[in-house]
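# Observations on the three-dimensional arrangement
Here is how the chains run, residue by residue.
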Protein chains: 2
Amino acid sequence: MSEQNTLAHLQTVTESLESGATMQIRYLLNGALPAQDVARLLESSPPKERKLLWELIDDKNEGEVLQYLSEDIGAQFMKDMNTEQLVAVSEHFESDDLADLLQHLPETVVTEVLASMSTQDRMRVEALLSYPEDSAGGLMNTDTITIRPNITVDIVFRYLRRHTELPDMTDNLLVVSRSDRLLGILPLTKLLVADTDETIRDIMETDCTIIDANTPVNEVAQLFEKMDLVSAPVIDSESKKLLGRITIDDVVDVIRDEAEHSMLSMAGLDDDEDTFSPIFKTTKRRAVWLGINLVTAFIASYVIGLFQNTLDQVVALAILMPIVASMGGIAGSQVLTLVIRGIALNQIGATNTRWLLNRELIVGLINGILWATVIAALTALWFDNLMIAYIIAGAIIINLLFAATTGTLLPILLKKLGIDPALAGSVILTTVTDVVGFLSFLGLATIFLL
Amino acid sequence: MSEQNTLAHLQTVTESLESGATMQIRYLLNGALPAQDVARLLESSPPKERKLLWELIDDKNEGEVLQYLSEDIGAQFMKDMNTEQLVAVSEHFESDDLADLLQHLPETVVTEVLASMSTQDRMRVEALLSYPEDSAGGLMNTDTITIRPNITVDIVFRYLRRHTELPDMTDNLLVVSRSDRLLGILPLTKLLVADTDETIRDIMETDCTIIDANTPVNEVAQLFEKMDLVSAPVIDSESKKLLGRITIDDVVDVIRDEAEHSMLSMAGLDDDEDTFSPIFKTTKRRAVWLGINLVTAFIASYVIGLFQNTLDQVVALAILMPIVASMGGIAGSQVLTLVIRGIALNQIGATNTRWLLNRELIVGLINGILWATVIAALTALWFDNLMIAYIIAGAIIINLLFAATTGTLLPILLKKLGIDPALAGSVILTTVTDVVGFLSFLGLATIFLL
């Protein structure tokens with residue numbers, strides 16, 4: 001329900017913008033709507049409107065909205081701020097989000113922002129900046145609540161009551177030694193049912209998920225999914241000291257990004273592709289992808305060109321040849337998509353690749369024979385020529401078998417070479433199915449028809 | 001790190017299976033590995049191995065593993081169980097997961113399993129079964145901890161201490177009236193810092209996210225993402241009574257499914273496509289998609305066939321025509337993918353469609369002119385024929401403009417018609433770019449060359 005409101009608000013705002021009724025928009029943007037909804041509104045607006053709306057947000061509300069904006073869009077607005085404004089908005093951020101955003105700004109600005117912060121906050125952000133953005137260290141927050149193992153539950157309660165509030169998503173207290181090494185966790189659900197005179201050491205959990213700061217974020221996400229975690233402590237890989245914790249809200253972003261990554265990459269789109277990117281940015285990105293695919297297309301044309309003489313004699317071949325290439329492309333894409341997902345979910349390894357390839361070859365063969373028969377029958381009816389029907393049937397079966405092999409092995413090979421299978425896979429696959437399709441169809445025709 | 005272990009375990013298990021060393025596998029499956037890892041292992045195994053491994057799991061451990069298996073695979077194993085076994089394993093499930101699994105079983109079995117449960121549990125599961133699986137009601141759990149508004153913090157602490165444990169992911173206590181209407185929530189993080197003599201009514205939050213049982217799950221997911229929730233109460237839409245709560249672990253599954261849905265659908269794959277589905281199931285699903293695409297391919301061939309006479313006279317056209325279709329298909333897919341994601345994220349509505357179409361037309365025009373020039377130059381060099389170069393340039397520009405229009409408007413139209421744009425979009429788009437590509441190229445050639 002709240003989602004439909006974003007589009008409804010957008011309608012209102014657009015109409016008000018057109019009629020120049022900025023008062024009403026100001027009212028909506030500065031308090032009437034929650035900051036999360038304002039962020040959604042900005043993300044759903046074309047560039048010019050987006051900038052106008054941003055200017056209508058009062059300075060004091062900008063930080064609140066920024067923290068909910070997608071990183072890419074937020075960074076754009078921050079680039080236009082002076083250091084003073086940046087310092088003001090940075091107070092609204094959790095340390096991990098701030099660290100992510102700072103990475104988009106020029107180094108001199110970052111230094112100034114850091115210099116303006118309290119020593120404690122600065123040290124936190126600097127610690128986060130020292131880890132890559134796509135590692136557990138870059139994803140973590142430093143807002144942990146730590147306790148010692150030798151105190152009683154009653155003392156923990158009294159200690160907590162001294163806080164005015166606990167950080168959001170606090171589901172565990174972290175039990176640490178005097179030298180800050182993590183000894184275990186104490187879930188709040190366990191603390192609340194414990195006898196007040198029990199000692200923390202006796203009720204804490206030591207068999208818990210602990211994350212090394214260097215763990216890649218996609219592995220962190222898989223751990224959270226597998227273990228149903230709300231938060232998990234992060235430690236330094238060498239000293240084993242507690243550094244911070246990762247919370248599920250940040251992991252959810254990773255999961256969405258990761259799941260979208262394959263789909264966007266397969267279409268040659270950037271991960272941080274903004275639906276409402278301005279024309280120039282969009283054109284540049286798309287042009288590159290079209291250029292890459294043009295190479296593929298010319299390779300296919302070159303193969304066809306080899307059979308110029310054959311085509312000159314039997315025009316039916318020119319009419320039918322796209323069918324062979326297209327069926328191979330479709331069948332190959334299905335396998336490719338399935339294997340890319342399997343790799344992302346970490347399901348595919350040395351032991352099951354062979355089974356997978358076998359299955360795909362059998363599936364390709366059965367579907368090849370089935371659809372080759374259908375296509376041959378239709379071809380025979382259309383062109384009244386049995387030989388062409390046999391030839392297209394053979395070419396379809398050959399192409400579907402190549403499609404199965406390429407679709408299965410190509411992404412596994414690319415992954416091993418450190419190349420993103422989602423990005424490079426579909427281009428290479430199409431080249432293979434086009435080339436094999438035209439080569440087998442026109443090649444068989446040259447042998448049997450001329 | 002734990003993820004690589006799944007593949008490592010798989011290696012061990014596969015080798016042991018081959019050498020017949022079932023003792024070691026039994027040991028791994030029944031206690032040495034956590035149930036989550038055993039579930040991953042089963043999901044990453046081909047059907048025959050999967051069945052063998054399942055048989056090596058002791059009856060008493062089956063329920064534990066089942067709760068972590070993906071619904072589709074879990075249901076397959078449950079179909080082979082007798083009622084007694086089903087009753088035994090059902091004790092391991094949270095009520096929402098059990099309700100989901102029961103929907104895969106025959107009605108007579110479901111009745112028997114329900115009859116075997118305690119009245120309270122049965123009522124819970126029956127309540128869940130009365131909501132569609134893809135609504136908040138189908139996603140919720142009934143394990144809420146409720147308190148009354150007029151008691152003090154101290155009494156809450158004493159009440160909680162009477163439990164032996166609190167449900168996982170309990171981050172809020174739910175404050176309800178005598179008639180079970182939800183009045184507000186009390187976050188544990190707030191309870192723990194409150195004075196013991198404060199009254200719940202004074203510290204509870206009333207401005208919290210409450211979910212109607214009929215809300216579709218994708219909207220629930222968007223609410224959780226937007227508001228950074230760990231759990232949220234679910235109420236009946238009419239009586240406003242508290243029914244249960246939704247927790248983030250279940251929402252994470254929804255988010256992953258939803259994000260994967262577009263990618264899988266665009267390749268014509270089912271959402272619950274199991275990477276290691278058996279041959280027959282896979283063949284059937286793939287065959288349908290190939291058949292649908294064959295219609296597209298024949299439509300394209302039919303269009304080419306209209307120009308048989310032209311092709312007969314200028315064979316260069318047959319060599320070049322796949323380039324026109326392919327560039328259109330690639331450009332169109334990019335727009336389509338972007339718009340499908342925008343629709344899924346609820347960013348695209350009546351107010352910004354026009355802007356989006358404008359941008360895509362301009363981007364298409366610029367890229368059309370750019371690549372048409374390149375292709376024309378290459379064509380002129382290759383075939384030493386300026387007229388064909390002009391013709392292919394014109395056709396490329398026309399096809400890229402059609403691709404932009406179709407890619408933008410088609411998914412929006414399909415969505416309005418209640419058809420899944422991810423599923424139907426790519427097939428229709430390809431038909432359009434093929435037909436327009438061949439029609440414009442061969443049509444222009446017929447006019448200007450003959």
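Residues numbered from 1 in each chain as written. Chains lettered and ligands numbered in written order. Predicted model: local features only at pLDDT ≥ 70, side-chain atom pairs only at ≥ 80, totals over all residues. Heavy atoms only, no water.

A few words now on the overall build of chain A. A count of helical and extended segments in chain A gives 22 helices and 6 strands. Looking at the 450 residues of chain A, the share that counts as buried comes to 58%. Split by element, the accessible area of chain A, about 18700 Å² in all, is 55% carbon and sulfur. With 31 positive and 60 negative side-chain charges, chain A shows a spacing of 5 Å between the two charge centroids. (Helix = DSSP H or I, 4+ residues; strand = E, 2+ residues; numbered from the N terminus. Buried < 20%, exposed > 50% of the residue type's maximum accessible area, 1.4 Å probe, protein only. Areas by Shrake-Rupley, 256 points an atom, 1.4 Å probe, with all protein chains shown as cover. Lys, Arg positive; Asp, Glu negative; His and termini not counted. Charge placed at Lys NZ, Arg CZ, Asp CG, Glu CD.)

Going through the model one piece at a time under the given rule, you end up with 24 salt bridges over all chains. The partner of Glu360(A) in a salt bridge is Arg359(A), with the nearest N and O atoms 2.9 Å apart. No difference in accessibility class separates Glu360(A) from Arg359(A), as the two residues are buried. Because the salt bridges share partners, they merge into one network encompassing Glu225(A), Glu258(A) and Arg256(B). (Salt bridge = Lys/Arg side-chain N within 4 Å of Asp/Glu carboxyl O.)

On the surface, Glu94(A), Glu165(A), Asp168(A), Asp253(A), Asp257(A), Asp271(A) and Asp228(B) cluster together into a patch of negative charge. By the secondary structure assignment, Asp228(B) is in the loop between helix H15 (217-227) and strand S5 (231-235). Of the residues examined, Asp228(B) reaches a relative accessible area of 33% and is grouped as partly exposed. (Patch = residues over 30% accessible without salt bridge, like charges linked within 9 Å, V, L, I, M, F, W, Y side chains within 5 Å.)

Right, let's get into the UniProt feature "transmembrane region" (unreviewed entry) in chain A. Residues and elements named next belong to chain A. The UniProt feature table records "transmembrane region" (unreviewed entry) at residues 287-308, 314-340, 361-382, 388-414 and 426-449. The distance separating the terminal C-alpha atoms of residues 287-308 is 30 Å; by composition the span is 91% helix and 0% strand. From the first C-alpha to the last, residues 361-382 spans 30 Å; its make-up is 100% helix and 0% strand. (UniProt positions renumbered as here; feature names shortened; annotations may be inferred.)

How big an interface is tends to be stated in terms of the accessible area lost upon association of its parts. Opposite the 127 residues of chain B that make contact, chain A presents 128 residues. A per-residue breakdown of the area chain B buries against chain A is headed by Lys226(B), Arg256(B) and Gln334(B), which together make up 7% of the total. Along the contact surface separating chain B from chain A lie 10 salt bridges. Two residues, Glu260(A) and Arg341(B), come together in a salt bridge whose shortest N-O distance is 3.1 Å. At the boundary of chain B and chain A, one finds 30 residue pairs in polar contact (both at pLDDT 80 or more). It is helix H19 (residues 315-344) of chain B that contributes the most residues to the side of chain B that touches chain A, 18 residues altogether. Here the residues of the side of chain B that touches chain A are counted per class, giving 70 nonpolar, 34 polar and 23 charged. (Contact = heavy atoms within 4.5 Å. Buried area = accessible area lost by both parts, 1.4 Å probe. Polar contact = N/O pair within 3.5 Å; in protein donor to acceptor, adjacent residues only side chain to side chain. Nonpolar A, V, L, I, M, F, W, Y, C, P; charged D, E, K, R; others polar.)

Let's shift gears to the relation of the copies chain B and chain A. The operation relating chain B to chain A is a screw motion whose rotation component is 180°, with 0.0 Å of axial translation and a residual RMSD of 0.1 Å. On the angle and the small slide along the axis, the relation comes out as a two-fold axis. Looking at the interface residues of chain B, 100% of them are also at the interface in chain A, so both copies use one shared face. (Least-squares fit on C-alpha atoms with pLDDT ≥ 70 in both.)

All right, on to helix H5 (residues 59-66) of chain A then. Those residues of H5(A) lying buried are Asn61(A), Glu62(A), Gly63(A), Val65(A) and Leu66(A). Buried-residue contacts for H5(A) involve helix H2 (22-32), helix H3 (35-43), helix H4 (47-56), helix H6 (71-79) and helix H7 (83-90) of chain A.

Moving on, we get to the packing of aromatic side chains. Evaluation of the coordinates by the stated rule reveals 9 aromatic pairs over all chains. Arranged with centres 5.9 Å apart and planes meeting at 50°, the rings of Phe276(A) and Trp355(B) form a pair that is tilted. Of this pair, Phe276(A) sits in the loop between helix H16 (248-266) and helix H17 (279-305) while Trp355(B) is found in helix H20 (residues 350-383), placing the two residues in two different chains. Of the aromatic side chains, those joined through ring pairs into one cluster are Phe298(A), Trp382(B) and Phe383(B). (Phe/Tyr/Trp six-rings, centres within 6.5 Å; stacked < 30°, edge-to-face > 60°.)

All names here are of chain B. Extensive coverage of strand S6 (residues 242-247) is indicated by the burial of 5 of its 6 residues. When S5 meets S6, the two strands line up antiparallel, connected through 5 bridges. Residue pairing for S6: alanine 232 is matched across the bridge by isoleucine 246. (Pairing = 2+ DSSP bridges.)

With that settled, consider the sheet that holds S5(B). Residues and elements named next belong to chain B. Judged by pairing direction, the sheet is mixed, and its 3 strands sit side by side in the order S4-S5-S6 without closing on themselves. Because the sheet does not close on itself, it has two edges, and the strands there are strand S4 (211-212) and S6. Inspection of the sheet shows S4 paired to S5 by 2 bridges, in the parallel sense. Its bridge partner being in S5, aspartate 212 is matched across the sheet by isoleucine 235.

The next thing to look at is unusual backbone geometry. If you check the backbone angles, Met169(A) has positive phi at about 60° while not being a glycine. For Met169(A), the location among the structural elements is in the loop between helix H12 (153-161) and strand S2 (172-176). The phi dihedral of Asn346(B) is positive, around 65°, even though this residue is not glycine. On the secondary structure map, Asn346(B) appears in the loop between H19 and H20.

Bringing the domain arrangement of chain A into the picture now. Residue and element names in this part refer to chain A. The assigned domain composition of chain A is domain 1 (2-139), domain 2 (146-264) and domain 3 (279-449). With centres defined by C-alpha atoms, the gap from domain 1 to domain 2 works out at 28 Å. Each side of the interface is counted separately: domain 1 has 9 residues, and domain 2 has 14 residues. The contact between domain 1 and domain 2 buries some 820 Å² in all, and 59% of this surface belongs to carbon and sulfur atoms. On the domain 1 side of the contact with domain 2, Tyr131, Ala136 and Leu139 bury the most area, a combined 66% of that side's loss. (Domains from an automatic or database assignment.)

Let us now look at the environment of Asp236(B). Tracing the backbone through its elements, the reader meets Asp236(B) in the loop between S5 and S6. For Asp236(B), the side chain forms a polar contact with the main-chain nitrogen of Glu238(B), separated by 3.0 Å.

On to the environment of Asp384(A), then. In this fold, Asp384(A) is placed in the loop between helix H20 (350-383) and helix H21 (386-416). Once the C-alpha coordinates of Asp384(A) and Lys415(A) are considered, the two residues, 31 residues apart in sequence, prove to be 47 Å apart.

Our focus in this paragraph is empty space enclosed by the protein. Considering all chains together, one arrives at 9 cavities of 30 Å³ or more under this definition. When its volume is computed, the largest cavity comes out at roughly 1200 Å³. Those elements that place two or more of their residues in the lining of the largest cavity are H16, H17, helix H19 (315-344) and helix H22 (421-449) of chain A together with helix H16 (248-266), helix H17 (279-305), H19 and helix H22 (421-449) of chain B. Among the elements that take part in the lining of the largest cavity, H19(B) stands out by supplying 9 residues, more than any other. (1 Å grid on protein atoms, 1.4 Å probe; cavity = no way out; pocket = protein on both sides within 12 Å on 5 of 7 lines; lining within 4 Å. Points joined across faces, edges and corners; volume = space filled by probe spheres on them.)

Here we come to the sheet that holds strand S2 (residues 172-176) of chain B. All names here are of chain B. Reading across from one edge, S1-S2-S3 is the order of the 3 strands in this open sheet, with mixed pairing throughout. Of all the strands in the sheet, just strand S1 (146-147) and strand S3 (182-187) have a single pairing partner and so form its edges. Two elements, S1 and S2, share 2 bridges in a ladder whose sense is parallel. Its bridge partner lying in S2, threonine 146 is registered against leucine 174.

When the terminal C-alpha atoms of H22(A) are compared, their 39 Å separation across 29 residues agrees well with the 42 Å that a helix rising 1.5 Å per residue should span. For H22(A), the side-chain oxygen to backbone nitrogen distance between the N-cap and Ala422(A) is 3.1 Å, and the N-cap itself is Asp420(A). (Expected span 1.5 Å × (residues − 1).)

Residue and element names in this part refer to chain A. The element strand S5 (residues 231-235) is largely enclosed, with a buried count of 5 among its 5 residues. Of the two faces of S5, the one lined by Ser231, Pro233 and Ile235 and the one lined by Ala232 and Val234 are each fully buried. Between S5 and strand S6 (residues 242-247), which follow one another and run antiparallel, lie 6 residues, and lysine 240 among them has a positive phi close to 60°.

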